[in-house]
Amino acid sequence: MGYSLDFGWLRDAAGAIVHGAAMTLFLIACTTVLGILISILFAAARRSRYGVLRKAVAVYVEVIRNTPFLVQLFFIFFGLPSIGIRLDPIVAAILAMTLNMAAYTTEIVGAGLDAVPKGQGEAAFALGLRPRQVFVKIILPQALKVIFPALISQVIIMMLESAVVSQIAVRELAHEADLLQARTFRSFETYFVVTLIYLGLSMAIRRLFVAGGRRMLGAGVS
Amino acid sequence: MIEFTLWDILRNLVFATRWTLLLSIVAFAGGATVGLLILFARISKQKWLRRFGSGYIALFQGTPLLMQLFLMFFGLPMLGFRIEPWTAAALGLTFYASAYLAEIWRGGVEALPLGQWDAGASLGLHRLQELRLVILPQAFAITRPPAVGFLVQLIKSTALTSIIGFEELLRTANAINNATFEPFTVYGLVAVIFFVLCYPLTQYARMLERKMPAH
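Just so it is clear, the structure is predicted and the values come from calculations on it, not from any experiment.

## Regarding the overall build of chain B
Consideration 1: A count of helices and strands for chain B gives 9 helices and 0 strands.
Consideration 2: In sequence order, the secondary structure elements of chain B are arranged as α-α-α-α-α-α-α-α-α.
Consideration 3: In chain B, which comprises 215 residues, the proportion classed as buried is 40%.
Consideration 4: Looking at chain B alone, contacts between residues at least 24 apart form 75% of all its contacts between residues at least 6 apart.

## As for the nonpolar core
Consideration 1: Counting residues in each nonpolar core, the largest one holds 111 residues, and the members touching the most others are Val71 of chain A together with Leu66, Leu69 and Val190 of chain B.
Consideration 2: Discounting chain neighbours no more than four positions away, the residues touching Val190 of chain B are Val71 of chain A together with Leu13, Leu169, Leu170 and Ala173 of chain B.

## Examining unusual backbone geometry
Residues and elements named next belong to chain A.
Consideration 1: Even without a glycine there, the phi angle at Ala169 is positive, about 65°.
Consideration 2: With respect to the helices and strands, the residue Ala169 is situated in the loop between α6 (131-161) and α7 (173-184).
Consideration 3: When the 13 C-beta atoms within 10 Å are taken as the criterion, Ala169 is described as partly exposed.

## Structural notes on the environment of Leu5 of chain A
Consideration 1: Considering the arrangement of structural elements, one finds Leu5 of chain A in the segment before α1 (10-46).
Consideration 2: Sequence separation between Leu5 of chain A and Arg215 of chain A is 210 residues; the distance between their C-alpha atoms is 44 Å.

## A few points about the UniProt feature "domain: ABC transmembrane type-1" (unreviewed entry) in chain A
Consideration 1: When the UniProt feature table is mapped onto this chain, "domain: ABC transmembrane type-1" (unreviewed entry) is found at residues 21-209 of chain A.
Consideration 2: The annotated region residues 21-209 of chain A carries 81% helix and 0% strand content, and the separation between its end C-alpha atoms amounts to 18 Å.

## Side note on the packing of helix α3 (residues 69-79) of chain A against helix α9 (residues 183-211) of chain B
Consideration 1: It is the contact of α3 of chain A with α9 of chain B, at a shortest axis distance of 9 Å, that shows an interaxial angle of 165°. One element, α3 of chain A, and the other, α9 of chain B, form an angle in the roughly antiparallel class. Read as a crossing pair, α3 of chain A and α9 of chain B show a hand that is left-handed. Here Val71, Phe74, Phe75, Phe78 and Gly79 of chain A of α3 of chain A lie close against α9 of chain B, whose contacting residues are Pro183, Phe184, Tyr187, Gly188, Val190, Ala191 and Phe194 of chain B.
Consideration 2: Considering only residue class, the contact of α3 of chain A with α9 of chain B consists of 10 nonpolar, 2 polar and no charged.

## With respect to the interface of chain A and chain B
Consideration 1: Taken together, the contact between chain A and chain B spans 31 residues of the former and 29 residues of the latter.
Consideration 2: Those elements that provide at least two residues to the side of chain A that touches chain B are α2 (51-65), α3, α6 and α8 (187-217) of chain A.
Consideration 3: Top contributing element to the side of chain A that touches chain B by residue count: α8 of chain A, with 10 residues.
Consideration 4: Counted by class, the side of chain A that touches chain B contains 20 nonpolar, 8 polar and 3 charged residues.

## Comments concerning the UniProt feature "domain: ABC transmembrane type-1" (unreviewed entry) in chain B
Consideration 1: Summarizing the sequence annotation, UniProt attributes the feature "domain: ABC transmembrane type-1" (unreviewed entry) to residues 17-205 of chain B in the numbering used throughout.
Consideration 2: In this annotation, residues 17-205 of chain B is assigned 81% helix and 0% strand; the end-to-end C-alpha distance for the span is 22 Å.

## A look at α6 of chain A
Structural remark: α-helix, 3.6 residues per turn; residues separated by three or four positions point the same way.
All names here are of chain A.
Consideration 1: Its 31 residues place the ends of α6 only 37 Å apart at the C-alpha level, less than the 45 Å of an ideal helix rising 1.5 Å per residue.
Consideration 2: Considering bend angle alone, the principal kink of α6 is centred on Ile147 and spans about 60°; proline Pro149 follows within four residues of it.
Consideration 3: Three or more residues of α6 are buried, namely Ala143, Leu144, Phe148, Leu151, Ile152, Gln154, Val155, Met158, Met159, Leu160 and Glu161.

Criteria and cut-off values
Residues numbered from 1 in each chain as written. Chains lettered and ligands numbered in written order. Predicted model: local features only at pLDDT ≥ 70, side-chain atom pairs only at ≥ 80, totals over all residues. Helix = DSSP H or I, 4+ residues; strand = E, 2+ residues; numbered from the N terminus. Buried ≥ 20, exposed ≤ 12 C-beta atoms within 10 Å, placed from the backbone. Contact = placed C-beta atoms within 7 Å. Core = buried A, V, L, I, M, F, W, Y, C linked by C-beta atoms within 7 Å. UniProt positions renumbered as here; feature names shortened; annotations may be inferred. Axes fitted to C-alpha atoms, helices over the stretch in contact; angles between N-to-C directions. Parallel < 35°, antiparallel > 145°, perpendicular 65-115°, else oblique. Left-handed = near helix turned anticlockwise from the far one by under 90°. Nonpolar A, V, L, I, M, F, W, Y, C, P; charged D, E, K, R; others polar. Expected span 1.5 Å × (residues − 1). Bend = angle between axes of the 7 residues up to and from the residue.

Printed below as a string of structure tokens:
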């Protein structure tokens, strides 16, 4: 018995696929903003005077980096309600993704901060800038420029990993694919199309970030 | 109704961990073998082979592993193979690992000075001998830290095979959770077991990196 590919279902499914892709982009957008903000805080905490703070961030980074994202997601979504923290699937997904990504980007941001020569901060102080201005206007932009490619890669990795939040019934791209293939019985074709859409999304995100990075951080961003 | 003690839960989880370990080992060995072929294509003298190699790597690094596993699981039966969750999981992770390992090793090969190739050629070695005797041993040596780092990523990735029905650690945990209704304990223990597997490797990779001569 031969099997012939059939993409006829695609016309009726376009709406669902677009909706799912939009949800995936929404999840990764929230995660990127929150994750990078948190990792700037954590990277600073890791370099603070307080030993407890430094230890706490180090433990957090190690725990997240050495356990699977799917287990973290299940722990947050299924485990936390038993100690009274009940989360909406979308909130749980964003929380899990943010905590996961921040563990990786904390290291990246930290490396970027260390790469900015000390003289830059000292020079800014000498010009009379306040400590916060020194950090936001002098140190951070230079650090971001160094780590930009690594950050883009991390955002894309997280976007691809976000496919597993379909397992807690968040209606993103992978979940729409699950629903579609259950309806059309065209499993292979459905996952094939959706896989290509993910590929397109990851290429588009890279382009977008590189273009945005050139705008904000100046030339030399790749 | 059967009562589960903490010890029962832990014992069952630890017992299921052997499948996680076995899958990791099979996928790493398979990935290394296929990855070597992809590496040869990626650094070939033929342009179309290089194109194929970089396309292969971009494809596997640019799509979710979960989708790759689904495509294996639903695609292979269409080609006439009878497929079980184990086969789909092992094959899926093998291809996934091959793309990452090939890319890691390519970095190693390209980091070597061109003089190494020239030296090999001047000794009268042909290309395969050059690769086998001169280039690859050095490339493998300098890329050991990222390769071990990838092994950690691969072990964590085996958790995804629970979704296509392979009975590894996480799927066993789901079943236990359905019987005990203690998700906090069960998933907490799963996280601990994964941590115990991965943390030593992470530390090992870090140690290797520190021992690397600085360039």
